[in-house]
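Okay, here's what each chain looks like letter by letter:
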Amino acid sequence: MKKIEAIYCDFDGTITKEDSVNSFFEMYAPNWTESEKLWVEGKISSKENAIIQVGLLKNVSQKQFDDYINSIEIDDYFLDFVDYVKSHGIKLTILSDGFDIFIKKVLERYNLDIPYFANKLIFENGKFDIKFPYYNDKCDKKAGMCKCQKVKEKSFCYIGDGTSDLCIASKADVLFASKNLHKYCKENNIKHSHFKSFRNIIDMLEEDSLV
Ligand SMILES: [Mg+2]
Ligand SMILES: [Zn+2]
């Protein structure tokens, strides 16, 4: 099998143990699941969904916001994975339809220098707003952050866990899928490898000499 030129990775529910966006809405945006359901069913776009959900965020103080971000946990083997990928000279990029600030703060906590592309969550004077710098009209899935347009390499690996990964998953040469993305790939005959943690991914990359 040919070597991979680059690795692209989802953030929420993939690098993080829980989906940090959904858990945040669960705490501070009552009724966030109503539009979430419409998005998962394909009735509204992720961009529309995010605008509705961010509009539901209520009564969040700066301290609660900071405390929440500090509580975001990552996969036990993600740091090993970053070292492994770096030692093989492979470029790693995070593509997320979640919030840039969550990613920035988590990367800072672990002193990680990994490029990331995500939606822009703004929190000022107690009010939230969201911007979509990577929205692309041509995206099959009308994702807020279109992952499929960000990839330039011919041979790339993608790692993800859910609905925000659908526009890119079937285009990856090597796909690692967990949770809902794993289920979706099985149902739709998309070639993938199932993973539970980044330990499995390191092992599979190593076994098949992909990097
Ligand atoms: Mg995810
Ligand atoms: Zn797309």
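Here goes a summary of the coordinates provided. Along each chain, the written sequence defines residue order, and numbers are assigned to residues from 1. Throughout, the order in which chains and ligands are written sets their labels, letters from A for the former and numbers from 1 for the latter. At least 70 in pLDDT is required for a residue's local features to be given in this predicted model, at least 80 for side-chain atom pairs to be given and counted, and no such filter applies to totals for whole chains, interfaces and linings, which use all residues. Derived side-chain values reflect all non-hydrogen atoms in the structure, with water molecules and hydrogen atoms excluded from consideration.

## Observations regarding the side chain of His-182
Phase 1 of the analysis: Helix and strand definitions here come from DSSP, where helices need a minimum of 4 consecutive H or I residues and strands a minimum of 2 consecutive E residues; each element is numbered from the N-terminal end. Turning to its location among the elements, His-182 is positioned in helix 8 (residues 179–187).
Phase 2 of the analysis: For every residue, the accessible area (1.4 Å probe, protein chains only) is compared with the maximum for its type, and the residue is labelled buried under 20%, exposed over 50%, or partly exposed between those bounds. Taking the relative accessible area as the measure of exposure, His-182 reaches 16% and is therefore buried.

## Describing the sheet that holds strand 2 (residues 91–99)
Phase 1 of the analysis: By definition, two strands form a pair when at least two bridges between them are found by DSSP. Ordered in space as 4-3-2-1-5-6-7, the seven strands form an open sheet in which the pairing is mixed. Whereas interior strands pair on both sides, the edge strands pair on one side only; in this sheet they are strand 4 (127–131) and strand 7 (193–194).
Phase 2 of the analysis: When strand 2 meets strand 3 (residues 116–124), the two strands line up parallel, connected through three bridges. From the neighbouring strand, Phe-99 faces strand 3, where its bridge partner is Asn-119.

## Let's talk about the nonpolar core
Phase 1 of the analysis: The nonpolar core is taken to be a set of buried Ala, Val, Leu, Ile, Met, Phe, Trp, Tyr and Cys residues, with the residues joined through side-chain atoms within 4.5 Å. If you look at the biggest cluster of nonpolar residues, it comprises 53 residues, and the most contacted ones within it are Ile-7, Phe-78, Phe-81, Ile-159 and Leu-205.
Phase 2 of the analysis: If you look at the next biggest cluster of nonpolar residues, it comprises 21 residues, including Ala-143, Val-151, Ile-168 and Ala-177.

## Things to note about the pairing of strand 2
Phase 1 of the analysis: The element strand 2 is largely enclosed, with a buried count of eight among its nine residues.
Phase 2 of the analysis: Pairing of strand 1 (residues 6–9) with strand 2, which is carried by four bridges, proceeds in the parallel orientation. Paired with Tyr-8 across the strands is Thr-93, a residue of strand 2.
Phase 3 of the analysis: For crossovers, right-handed means that the path from the first strand over the helix to the second runs clockwise, given strands pointing away from the viewer. Running through helix 6 (residues 100–109), the crossover from strand 2 to the neighbouring parallel element strand 3 is right-handed.

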